[in-house]
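Okay, here's what each chain looks like letter by letter:
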Amino acid sequence: DNARIHHARMVQAFLQSEEGDAFHFIFLPPYSPHLNSIERLWKWLKDEVIANVLHKDQKDIAQSITRFEQHVLQHPDEVLRRIGCAA
């Protein structure tokens, strides 16, 4: 997502190290959430857990997020479809 932290000296040093060889950053243009698949996952989480839902307390929100995480882990095909990586 081209965040400033990804350009930090510490990150750049890691990427140039032997451990960092497994990673390759592809920087997206600024203000392009439509190109960043994780944004679709965040939207799905917000739609399911936060939008139009009254949670009684912070623990209730955490439990809802945990249920969402479990659903995501159990339905990888749905995740791929929702983030635009599968038909």
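Since the structure is predicted, the reported quantities are computational estimates derived from the model, not experimental observations. (Residues numbered from 1 in each chain as written. Predicted model: local features only at pLDDT ≥ 70, side-chain atom pairs only at ≥ 80, totals over all residues. Heavy atoms only, no water.)

Student: Let's hear about the pattern of salt bridges: which residues, and what values?
Tutor: Within the structure shown, the criterion is met by 2 salt bridges. The shortest N-O distance in the salt bridge between Arg82 and Glu78 comes to 3.2 Å. Separated by 4 residues within a single helix, Arg82 and Glu78 lie in helix 4 (residues 76-82), roughly one turn from each other. (Salt bridge = Lys/Arg side-chain N within 4 Å of Asp/Glu carboxyl O. Helix = DSSP H or I, 4+ residues; strand = E, 2+ residues; numbered from the N terminus.)

Student: So what's going on with the side chain of Ser64? Which residues, and what values?
Tutor: Secondary-structure assignment places Ser64 in helix 3 (residues 58-74). Not counting residues within four places of it along the chain, the set of residues in contact with Ser64 comprises Val49 and His55. (Contact = heavy atoms within 4.5 Å.)

Student: Which residues make up the nonpolar core, and what values go with them?
Tutor: Leu41, Trp44, Leu45, Val49, Phe68, Val72, Val79 and Ile83 together form the largest nonpolar core, which totals 8 residues. Not counting the four nearest positions on each side in its chain, Leu45 is found in contact with Ile50, Ile65 and Phe68. (Core = buried A, V, L, I, M, F, W, Y, C linked by side-chain atoms within 4.5 Å. Buried < 20%, exposed > 50% of the residue type's maximum accessible area, 1.4 Å probe, protein only.)

Student: Let's hear about the environment of His7: which residues, and what values?
Tutor: Looking at the element boundaries, His7 is found in the segment before helix 1 (9-16). If we ignore the near neighbours within four places in the chain, the residues touching His7 are Asn2, Gln12 and Phe27.

Student: Summarise unusual backbone geometry; cite the residues concerned and give the values.
Tutor: Of note in this structure, Asn52 is not a glycine but carries a positive phi near 55 degrees. With respect to the secondary-structure elements, Asn52 resides in the loop between helix 2 (37-50) and helix 3. According to the relative accessible area criterion, Asn52 is exposed, its value standing at 83%.

In short, shape yes, function no, at least from these values alone.
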